[in-house]
Amino acid sequence: MSDTLTILGLESSCDDTAAAIVRHTPGKPPEILSSVVAGQTELHAAFGGVVPEIAARAHTEKLDVCVEEALGEAGLGLAALDAIAVTAGPGLIGGVLAGVMLAKGLAAGTGLPLIGVNHLAGHALTPRLTDGAAYPYLMLLVSGGHCQFLLVEGEEDFTRLGGTIDDAPGEAFDKTAKLLGLPQPGGPSVEAEAKTGNPARFKLPRPLLDRPGCDMSFSGLKTALLRERDKLVQRDGGLHLQDRADLCASFQAAVSEVLAEKSRRALEDYIGRCPAHPVFAVAGGVSANMTIRAALETVAAQSGAQFLAPPLRLCTDNAAMIAWAGIERFRAGRRDDMTLAARPRWPLDRTAPAMLGSGKKGAKA
Ligand code: KG4
Ligand code: ZN
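Residues numbered from 1 in each chain as written. Chains lettered and ligands numbered in written order. Predicted model: local features only at pLDDT ≥ 70, side-chain atom pairs only at ≥ 80, totals over all residues. Heavy atoms only, no water.

## Focus: the overall build of the protein chain
Each helix and strand counted, the protein chain has eleven helices and ten strands in total. Taking 365 residues into account, the globule formula puts the C-alpha radius of gyration at 21 Å, and the protein chain, at 21 Å, falls close to it. Dimensions of the protein chain along its principal axes, counting C-alpha atoms only, are 70 × 50 × 35 Å. Long-range pairs, those at least 24 residues apart, make up 73% of the contacts in the protein chain between residues at least 6 apart in sequence. Total accessible area on the protein chain is roughly 14900 Å²; 55% of this is exposed by carbon and sulfur atoms. Within the protein chain, one finds 36 positive and 41 negative side-chain charges whose respective centroids are separated by 4 Å. (Helix = DSSP H or I, 4+ residues; strand = E, 2+ residues; numbered from the N terminus. Rg over C-alpha atoms; globule rule 2.2 N^0.38 Å. Contact = heavy atoms within 4.5 Å. Areas by Shrake-Rupley, 256 points an atom, 1.4 Å probe, with all protein chains shown as cover. Lys, Arg positive; Asp, Glu negative; His and termini not counted. Charge placed at Lys NZ, Arg CZ, Asp CG, Glu CD.)

This is the structure we're talking about:
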């Protein structure tokens, strides 16, 4: 029997409905045979954030269509699969349930094994899918819903070295865009504005830099930005375009500096524990930001670590990472059954104390 595995992954924990098929033969690089992502940005646009009920309905409507597309793109039928992997949490519970129910239906109908995957593990294992990264490595997961440093030592072996105690950086970018009248998602629009701005004009705070360790906080930053905006509006009766660009550049510089300094500390901690061949990997939508990416790359180089940044489509939410995590779990002998539960919270590191909060999807990691 061949050791090749072909696994279908499903993802529906936030506002992206996704299905993908990944194939892997030991000793060879994994192949993404298809990766379909149906976003919901326009459905939530009028509400200024993800509405859980709308998200859940859209997942229910789109998931089977995405699965058919993923099979079609890969040129495979269900019979060619070895297992069904699905995000079983953490995330918005209605969406997670939609995915888990479909996966259970497919598993029951085909007799294929079912594998529940932690969404955060999907992100954290992505450098193994894209770059063949060997364990252990340090991962900075930085998106709209998550922000944490993880020491990754196995498909189920994660140690959280630090993380945000309130908002995730992507959420701060989104709120900043909202405060300045820029379109959502805020990250790309704030980054575009920042290009013509002066990052040194506004002295925004660098929260928790004065404290040891690599925990972070981003909620005070948007409040500080709001105060600067209001001062300008009061003085001039509105915001000049240059003011807006300077606010964006100053905000981006603050986030970038905090992430870089905390990454330096996390790298020090990680290299102290695992000194051979240090690797620093990033994932999550915010790692698409060129200023932030460059700052993290510099810190990695200064610390003597190799820097890995997966392509953007695999940094943001997708199902290829879920299929890949499913492959890793399958090889480790892990299977689930019809009792698989959908979990709104599911910390990767079960030994670390709970965080106060993290990201727009609520406290969960
Ligand atoms: O990983 P992702 O697609 O979804 C989750 O949150 O899980 O990340 C989306 C987040 C949004 O908050 C978005 O504003 C942010 O990533 N983002 C960026 C950039 N592109 C996306 N933030 C800063 N700069 C960017 N270029
Ligand atoms: Zn995610």
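Still more ground to cover, so stick around.
## Quick notes on helix 11 (residues 320-331)
The end-to-end C-alpha distance of helix 11 is 17 Å, a good match for the 16 Å that twelve residues give at a rise of 1.5 Å each. Extensive coverage of helix 11 is indicated by the burial of eleven of its twelve residues. Along helix 11, the positions that sit buried rather than exposed are Ala320, Met321, Ile322, Ala323, Trp324, Ala325, Gly326, Ile327, Glu328, Arg329 and Phe330. Glycine 333 sits one or two residues past helix 11 and shows a positive phi near 85 degrees. (Expected span 1.5 Å × (residues − 1). Buried < 20%, exposed > 50% of the residue type's maximum accessible area, 1.4 Å probe, protein only.)

## Points about the environment of aspartate 15
Relative to the elements of secondary structure, aspartate 15 occurs in the loop between strand 1 (5-11) and strand 2 (16-24). With a relative accessible area of 17%, aspartate 15 lands in the buried category. In the structure, aspartate 15 is positioned 39 residues away from isoleucine 54 in sequence and 9.3 Å away in space, judged by C-alpha atoms. Excluding residues within four positions of it along the chain, aspartate 15 makes contact with Ala38, Gly39, Gln40, His44, Val50 and His59.

## Observations regarding the coordination of the zinc ion (ligand 2)
For the zinc ion (ligand 2), every protein donor is listed as His119 (NE2), His123 (NE2), His146 (NE2) and Asp317 (OD), and the spread of their distances is 2.1 to 2.8 Å. For the zinc ion (ligand 2), all donor residues lie on one chain, and their spacing in sequence is H-x3-H-x22-H-x170-D. You can see histidine 119 sitting in helix 4 (residues 119-131) and its partner aspartate 317 sitting in the loop between helix 10 (312-315) and helix 11, a full 198 residues away along the chain. Note on accessibility: histidine 119 and aspartate 317 belong to one class, buried. (Donors = N, O, S within 2.8 Å, 3.2 Å for Na, K, Ca; no water.)

## What to know about the sheet that holds strand 3 (residues 31-39)
Adjacent strands of a sheet form backbone hydrogen bonds with each other and so pair up, either parallel or antiparallel. One open sheet accounts for five strands, arranged 3-2-1-4-5; its pairing is mixed. Either end of the sheet is taken by a strand with one partner, and the two such strands are strand 3 and strand 5 (114-118). When strand polarity is set aside, the average angle formed by the axes of neighbouring strands in this sheet is 20 degrees. As paired strands, strand 4 (residues 83-89) and strand 5 are joined by five bridges and run parallel to one another. Looking at the pairing, alanine 85 lines up with isoleucine 115 of strand 5. Lying over the sheet, helix 2 (residues 52-74) contacts strand 1, strand 2 and strand 3, oriented at roughly 30 degrees with respect to strand 2. This element, helix 3 (residues 93-110), spans strand 1, strand 4 and strand 5 of the sheet and lies at about 160 degrees to strand 4. (Pairing = 2+ DSSP bridges. Axes fitted to C-alpha atoms, helices over the stretch in contact; angles between N-to-C directions.)

## A short note on the sheet that holds strand 8 (residues 157-163)
With mixed pairing, five strands are arranged side by side in an open sheet as 8-7-6-9-10. Taken across any chain shown, the strands that pair with only one partner, and hence form the sheet edges, are strand 8 and strand 10 (306-308). Across this sheet, the average inter-strand angle for adjacent strands is 25 degrees, counted without regard to direction. Here strand 7 (residues 147-154) pairs with strand 8 via six bridges, running antiparallel. Directly across from glycine 154, in strand 8, lies its bridge partner aspartate 157. Set on the sheet, helix 9 (residues 290-302) makes contact with strand 6 (137-142), strand 9 (279-283) and strand 10; between it and strand 10 the angle comes to about 155 degrees.

## A closer look at the site of ligand 1
Near ligand 1 you find 19 residues, and of these Gly144, Asp174, Gly187, Glu191 and Gly285 are the closest. In this structure, glycine 144 approaches ligand 1 through a main-chain N or O atom, which is 2.8 Å from an oxygen atom. Within the backbone of glycine 187, a nitrogen or oxygen atom sits 2.9 Å from an oxygen atom of ligand 1. Surface burial for ligand 1 is 91%, taken as the share of its 550 Å² of free accessible area covered by protein chains. By residue number, the principal contributor to the shell around ligand 1 is helix 6 (residues 186-194), which donates four residues. Looking at the shell around ligand 1, its residues break down into four nonpolar, eleven polar and four charged. (Near = heavy atom within 4 Å. Polar contact = N/O pair within 3.5 Å; in protein donor to acceptor, adjacent residues only side chain to side chain. Nonpolar A, V, L, I, M, F, W, Y, C, P; charged D, E, K, R; others polar.)

## What about the side chain of lysine 104?
When you line up the elements, lysine 104 lands in helix 3. The side chain of lysine 104 sits in the buried core without any salt bridge; aspartate 337 is the nearest counter-charge, 7.1 Å away. Those residues in contact with lysine 104, other than ones at most four positions away along the chain, are Leu114, Asp337, Met338, Thr339 and Leu340. (Salt bridge = Lys/Arg side-chain N within 4 Å of Asp/Glu carboxyl O.)

## Structural notes on the pattern of salt bridges
All chains considered together, the criterion is met by 20 salt bridges. Taking the shortest distance from any N to any O, the salt bridge between aspartate 167 and lysine 175 comes out at 3.3 Å. For lysine 175, a relative accessible area of 29% gives the class partly exposed. Residues arginine 265 and glutamate 261 are paired through a salt bridge, measuring 3.0 Å at the closest nitrogen-oxygen approach. Taken together, the residues span about one helical turn, with arginine 265 and glutamate 261 both in helix 8 (residues 241-273) at a distance of four residues. The class of arginine 265 is buried, set by a relative accessible area of 17%. Each of Glu155, Glu156, Arg329 and Arg334 takes part in salt bridges that share partners, so that together they form one network.

Keep in mind these values describe shape, not function.
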